[in-house]
Structures are given as C-alpha cells and as structure tokens.
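Take a look at the letters that make up each chain.
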Amino acid sequence: MSYQALYRKYRPKDFSDVKGQDHIVKTLTNEIQGDRIGHAYLFCGTRGTGKTTIAKIFAKAVNCQNPGPQGPCGKCPMCRGIEEQTSMNVVEMDAASHNGVDDIRGLIDEIQYSPTEGKYKVYIIDEVHMLSKPAFNALLKTLEEPPSYVIFILATTEYFKIPVTILSRCQRYDFKRIGVETIMGRLAELLDREGVEAEPKALRYVARQADGALRDGLSLLEQCVSFYFGEKLTYEKVLKILGAVDTDMYQELLRALIHGRVTDAIQLVASLVERGKDLSQFVEEFIWFLRNVLIVMTAEDVTDLVDLPEETILAIQEMTGDLEEEIIFRYIRLLSALVNDMKYSNNKRVDLEVMLIRLCRPQMERDYEALLDRMNHIEQISDDLQVALEGGTLSVAAGGERPLEAPEPVRKILPEAVPEDVRAVVANWNHVKSRVCAVTRTMLEHTKLTVGDDGILLMAEVVDVNADYLNKDVVKQEIIDAAAELTGKEIQVKVVHVESRRELNALPELRQIIKGVDINIED
C-alpha cells in the first residue's frame, strides 16, 4: 500500500477517537441512539478541527447495521463500503470548485433516487460558503423539505457568508479550536504507534504552532519526523526545521527594545536572516511572546495562562519589574500593523528593521504610549547616572547645549517671602491641575514647585521629556489660564530641568512651605 500522510492514516473511525469536540460528539451520539436525526446540519469552525471527519463518521453511523455508543461499528458491509468510498450513500461535494447553480441542480436531480441499501443518503458539502447566490437559492427549497432518506451536512470555515435563509434551516454546530494539551497528547499517542521517540517540549511546540488545528499539528509533526527520520525528535530539531527561534532570542530582543539598543536589535535581525528564518513568522511569534509578557506583568497566577517554562517567567518578571504595561501595548500594536504590511512587502527585512528602530526610539512618536516609553528610557539613564555619581566614576562630555535653563541656587524661603499670587496658585495646585488636559496633568504629576529670586513660580523637572513638554509656550499658557480662571491671579511660570533627583530634592517645595494659606475660590 502506498504511503499515507499521518492525518489521513490516523483519521478517526468512530466518535471515541475524535479529540477536542466532546460537545458535538455527545449531541450527535444522542440523536443517533434516540432516533432523532435531523435533515440538515451546519458544521462551523476553523480549519483542521474535525468538521469533515465527524461528518463522515456521522454518515457511517446513520447507515450502520449495528450502531453502538461510539457510533458506527466499522465491521458491517455499509461501514466498510463508506470507509472504502464505494458506497453511493455518501456523496461529498467541494463547493469551492463546484459552486454554480448547475452543480446544485445536478445534486438535486440525484436526490430524487432513494438509496438501494442502507437508510440514508448523506450529502456532505464542504466550504459551502463558496456557493454562488443562485446556487444557494436553488438549494433552499430542497434543504428545507428534503426526502425522508436525505441528510445534508454543510461544512464551512466562514459561516457569516452563508445566507440567513440557509442558516435557519440547519442545526448549527460550532467546532472549537483544539487545546494545546489535547493536540500534544494526540501527537504523542500517534508517535508511539509509529515507534518514533520525541521530547515533550518538542511536541508542545508543534502543538502550539498548530494554532488549534489538529490536522495542522499532524502535518507539522510529519514534516519534522521525515527530516529527522530514524532520530529522536528534540526541541532544537523542531525549531530548526520549522524555521522558528527559541524564547531566548525573544527575550534578547525585548531587552534591546526596553533599553533602546538599536544595534543589538538590528544585529538580531541579521542573525535571523543568516539562519534562513522567516521574518513574518518571527514577528507573529514575537507578538505572541509579548502577549505572554503582558499576562506575566498583570496576572497573579500565570501557570495556566502562558505556555512558558518557569525560568522564562522569572526572567520576564525581572526584566519588566518597573515597566509600564502601556509600553508592551505599544509594541504589540505597532508589530501587529507590521505583520499586515509584511504580507505585501518586497523587502521584509527593511520593514522589520525600521519598525525596531521606531520601537527603540519612542521620541520619534508623539502618542501617549510613546511618551511613557521615552520616560522609561530616561528613568533608566537617570538611574545609571545616579549610580555613576555615587561611585565617582562619571565624566561629563563637553559640547552639548542644555535645552532648558538650570535653576539658580535657591535660598531658604519663608512663606511671607512668596508673592501673594504665587501662594494662591500653589495652595490650590490640585484644582489647577484638574483644569488642564490629561497629558499636561500627567506630566505635572512629579513636578516640584519652587520659586526664584524674582518671585516667579518655578516648575522643576528631572525627566527631560516632561520638561520639554511643559516648557512649550502653549502648555505654559494653558497652566497660566487655568490658574487665573481658578484664583483670579495671573502669574508667570518658568520650567527648569535639574540633572538629578538629588538636586531636585534639594529644592524647597512650596506646597510644603505654604500651608494654611486661606484662599477663597469663586466657582
């Protein structure tokens, strides 16, 4: 006998061998045992989830001479005839290639003849959503009132393309994506029958790559087994043959993005190209890795939520300890858009490298998530500078111009020395912040309020992104207008940037100095 692919060789023969669709198997089994068989069924679900397989088992079961709890017996002449595709009681039609009205009319003409053996003639129409509108109209009346010996089973991956008039005449069954553990167990079972040894980690990776489709999992497994015929199937071999990369590389790329290391990210892409990896697949898998990172960052118990080893989870927790979730959202959003662009691109490497530069350089964008990413980079640089200052190892390079004026040393300030209009604004600062836009309010969260020798309100910032934003004339005017609207006092403000948190802490804080100031606000 010629060689058969694994998904054909081990296609389930009865309901007991079907994996991951217990809700459908139980319902169909009860219908057969209770002799409550319908005339039209609609099987909906993604590819490789068992729609056609269950349709064939059901066709055998309704014609079987000795049906049991698991469906067809597989031994009677009817079961053998259907299995060997010699029986006229089961007719399969591919609507993708036979989608015209004439095809349906030919099928309707056949229906008029009752079966010569067995109870039912079963018509399985695969990818039924591909039928043309006239073909659906031709099928409509027959589907509603077929002869008593006819059963229609319509299978589709896109049920929403089927007319409502057709849907309303069928019993609908939704096939679920099959879980990773279920696929992994089936793969292990079949490899044991084939006498092939494989690492559980390798099978888990193949099962995850199957994306809920058992047939896809079997096809990927067969590809790996064929390449390493006679050898033990290891995790590294699976990665090599499927063109995938290990999670260590995803961690390396994420670390480069977090720290803004463009060179490391570009070198990683070069390494992928040299190894012949598919860049589109890499981006899709990296998005899935970021999904796992986000769950690790937000959920308490992630054991059953992510498919990652414990050491990888610990590494992610250490890497993202001080990271905002919005930064990961930004990575996922931009990379998801990149996946669509790469489908039609002639130079995927350039597209990926440009995107990685964007992710490493959030200052190129102006949205809220990018601002958070910029602040994250700056805080890391600030922490590194603080360590260097405390260790006495920092050397300052000349030639750079400071974008903002540094504050002059401020002497000890008494409440009486603060101008009345500044005191009024500082005493009601929270109300002032509530009257500015959300972005400005966010930037003011860690701003320190102090005063210069000339009596002007100083807003001191250690984060240069915040300082750059607040120093814009339109933003300063927004704050001045909010203060004037609230207190009736129009003041002048100046934004200053300090080099370190130590210098910031050394400045007097007006909100601590001015306490008990009684300012009447008229709403």
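Data block above holds the structure.
Report on the accompanying structure.

Scoring rules and cut-offs
Residues numbered from 1 in each chain as written. Predicted model: local features only at pLDDT ≥ 70, side-chain atom pairs only at ≥ 80, totals over all residues. Heavy atoms only, no water. Helix = DSSP H or I, 4+ residues; strand = E, 2+ residues; numbered from the N terminus. Buried < 20%, exposed > 50% of the residue type's maximum accessible area, 1.4 Å probe, protein only. Areas by Shrake-Rupley, 256 points an atom, 1.4 Å probe, with all protein chains shown as cover. Pairing = 2+ DSSP bridges. Axes fitted to C-alpha atoms, helices over the stretch in contact; angles between N-to-C directions. Patch = residues over 30% accessible without salt bridge, like charges linked within 9 Å, V, L, I, M, F, W, Y side chains within 5 Å. Salt bridge = Lys/Arg side-chain N within 4 Å of Asp/Glu carboxyl O. Lys, Arg positive; Asp, Glu negative; His and termini not counted. Charge placed at Lys NZ, Arg CZ, Asp CG, Glu CD. Parallel < 35°, antiparallel > 145°, perpendicular 65-115°, else oblique. Contact = heavy atoms within 4.5 Å. Nonpolar A, V, L, I, M, F, W, Y, C, P; charged D, E, K, R; others polar. Core = buried A, V, L, I, M, F, W, Y, C linked by side-chain atoms within 4.5 Å.

## What to know about the overall build of the protein
The helix and strand inventory of the protein stands at 25 helices and eight strands. Of all 523 residues assigned to the protein, the portion counted as buried reaches 47%. As presented, the protein carries roughly 27500 Å² of accessible surface, and 48% of it is formed by carbon and sulfur atoms.

## What to know about the sheet that holds strand β6 (residues 448–451)
In a beta sheet, neighbouring strands are held together by backbone hydrogen bonds and run either parallel or antiparallel to one another. Pairing in this open sheet of three strands is mixed, and the strands run β6-β7-β8 from one edge to the other. The sheet is open, and its two borders are formed by β6 and β8 (493–497), each paired with just one other strand. Put simply, the sheet's adjacent strands are angled 35° from each other on average, direction ignored. As defined by bridge partners, β6 adjoins strand β7 (residues 457–461) across four bridges and the pair is classed as antiparallel. Pairing of V451 across the sheet is with L457, part of β7.

## Overview of a negative patch on the surface
Taken together, the side chains of D248, E252, E310 and E311 present a region of like negative charge at the surface. Elements that contribute at least two residues to the negative patch include exactly α12 (247–259) and α15 (310–319). When you line up the elements, D248 lands in helix α12.

## Quick notes on unusual backbone geometry
At D35, a position not held by glycine, the phi torsion is positive, near 55°. Within the secondary structure, D35 sits in the loop between α2 (22–33) and β1 (40–44). Even without glycine at this site, E127 takes up a positive phi of about 50°. Turning to its location among the elements, E127 is positioned in the loop between β3 (121–126) and α6 (133–144). Residue classification places E127 among the partly exposed positions, given a relative accessible area of 22%.

## Section: the packing of α12 against α15
At a minimum axis separation of 11 Å, α12 and α15 run at an interaxial angle of 0°. Between α12 and α15, the angle falls in the class roughly parallel. On the side of α12, the interface is formed by T247, Q251, L254, R255 and I258, while α15 contributes T312, A315 and M319. When the residues that make up the contact of α12 with α15 are grouped by side-chain class, the tally is four nonpolar, three polar and one charged.

## Digging into the side chain of K476
For K476, the location among the structural elements is in helix α23 (residues 473–487). With near-sequence residues (within four places) excluded, K476 lies in contact with L470, N471, V493 and V495.

## Concerning the pattern of salt bridges
All chains considered together, the criterion is met by 20 salt bridges. A salt bridge links R169 to E144, with the shortest nitrogen-to-oxygen separation between them at 3.4 Å. In this pair, R169 sits in the loop between α7 (164–167) and β5 (171–174) while E144 sits in helix α6, placing the two residues 25 residues apart along the sequence.

## Focus: the nonpolar core
One finds L254, V283, F286, I328, Y331 and L335 to be the most contacted residues of the largest nonpolar core, which totals 45 residues. Within the residue set of this core, elements represented by two or more residues are α12, α13 (262–274), α14 (279–298), α15, α16 (325–342) and α17 (348–360). Among the elements that take part in this core, α14 stands out by supplying twelve residues, more than any other. For F286, the contacting residues outside a window of four places in its chain are Y250, L253, L254, L257 and L335. Judged by nonpolar contacts, the second largest core, of 28 residues, contains I57, C79, V90 and F175.

## Things to note about the sheet that holds β5
Strand order in this open sheet of five strands is β2-β3-β4-β1-β5, and the pairing throughout is parallel. For this open sheet the edge positions go to β2 (90–94) and β5, each flanked by a neighbour on one side alone. Across the sheet, the mean angle separating the axes of adjacent strands is 15° when strand polarity is ignored. Both β1 and strand β4 (residues 150–156) contribute to a ladder of five bridges, which runs parallel. Counterpart to C44 in the pairing with β4 is T156. Running at roughly 150° to β5, α2 makes contact with β1 and β5 of the sheet.

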